[in-house]
Amino acid sequence: MKTILFVEDETTLQKSLSVALKESYNVFSALDGETGLTLAREQKPDLILLDLILPKRDGFSVLEELKKDDLTKNIPVIILTNLENNLEIEKALNLGATTYLVKSQYSLGDIKNKVTKMLE
C-alpha cells in the first residue's frame, strides 16, 4: 500500500482528509514543518501533502530541504494551502512542488482524486 505524509497544522482538515485517504493509502501526519521533514526522511513516503503556513518551519523551507536531500528529492509534493498569491505559487513550483492546490477551491473528494491520479 502506498504511503502519504500529510503535513498540516489545521487539525480538523488533518483528520478529515486523513480519514478520506486511509481507505486507499497508509497516511501518517505531522502538525509542524520540523516533524514533517523528519518523518519524510524516516518514512520515505510515496507522496507528501504539504501546507505552507506551519509552526516551527514553514512549508517553503520544508520543500526546499526535501528537494536538496537525495533521500527525498524524488518524492512528489502537493502543496495544499490557503495562500493564493501568484508569487507564492510560482515560488513553490520553482522549489519543486508537483502541484499547488488552494484549500478553499477543492473539496476533500477533489483532493483525494488528485492524490490518486498522482500515485497511479
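Here the structure is a predicted model, which means the values were calculated and not measured. Sequence order as written defines residue numbering, which begins from 1 separately in each chain. Only residues with pLDDT of at least 70 get local features here, since the model is predicted, and only at 80 or more are side-chain atom pairs given and counted; chain-wide, interface and lining totals rely on the full set of residues. Derived side-chain values reflect all non-hydrogen atoms in the structure, with water molecules and hydrogen atoms excluded from consideration.

Undergrad: Just checking my understanding: could you explain the pattern of salt bridges for this structure?
TA: A pair can form between side chains of opposite charge whenever their charged atoms are brought close. A side-chain nitrogen of Lys or Arg and a carboxyl oxygen of Asp or Glu constitute a salt bridge if their distance falls within 4 Å. The tally for this structure, following the rule as stated, stands at 11 salt bridges. Notably, a salt bridge pairs glutamate 23 with lysine 112, separated by 2.8 Å at the nearest N-O pair. Of this pair, glutamate 23 sits in the loop between helix H1 (11–22) and strand E2 (26–30) while lysine 112 sits in helix H5 (residues 108–119), and the two are 89 residues apart along the sequence. Exposure classes here rest on a 1.4 Å probe applied to the protein chains alone. A residue is buried below 20% of its type maximum, exposed above 50%, and partly exposed in between. Residue glutamate 23 is classed as exposed on the basis of its relative accessible area, which comes to 60%. Across the pair aspartate 70 and lysine 73 runs a salt bridge whose closest N-O atoms are separated by 3.0 Å. By relative accessible area, aspartate 70 is classed as exposed at 59%. Residue lysine 73 is classed as partly exposed on the basis of its relative accessible area of 36%. Helix and strand definitions here come from DSSP, where helices need a minimum of 4 consecutive H or I residues and strands a minimum of 2 consecutive E residues; each element is numbered from the N-terminal end.

Undergrad: Sorry, what's going on with the nonpolar core here?
TA: One broad rule of soluble globular proteins: the nonpolar side chains tend to lie buried together. Counting 23 residues, the largest nonpolar core has Ile48, Leu50 and Ile79 as its most contacted members. For this core, the secondary-structure elements that each account for two or more residues are strand E1 (3–7), E2, helix H2 (33–43), strand E3 (47–50), helix H3 (59–68), strand E4 (77–81) and strand E5 (99–102). Broken down by element, the residue count for this core peaks at 4 residues, all from H3. The contact criterion used is simple: two residues touch if any of their non-hydrogen atoms lie within 4.5 Å. Not counting chain neighbours up to four residues away, the residues in contact with leucine 50 comprise Val7, Gly59, Val62, Leu63, Val77, Ile78, Ile79 and Leu80. Nonpolar cores were defined as sets of buried Ala, Val, Leu, Ile, Met, Phe, Trp, Tyr and Cys residues, with membership established by side-chain atoms within 4.5 Å. Counting residues in each nonpolar core, the second largest holds 15 residues, with Phe6, Leu21, Tyr25 and Ile78 among its members.

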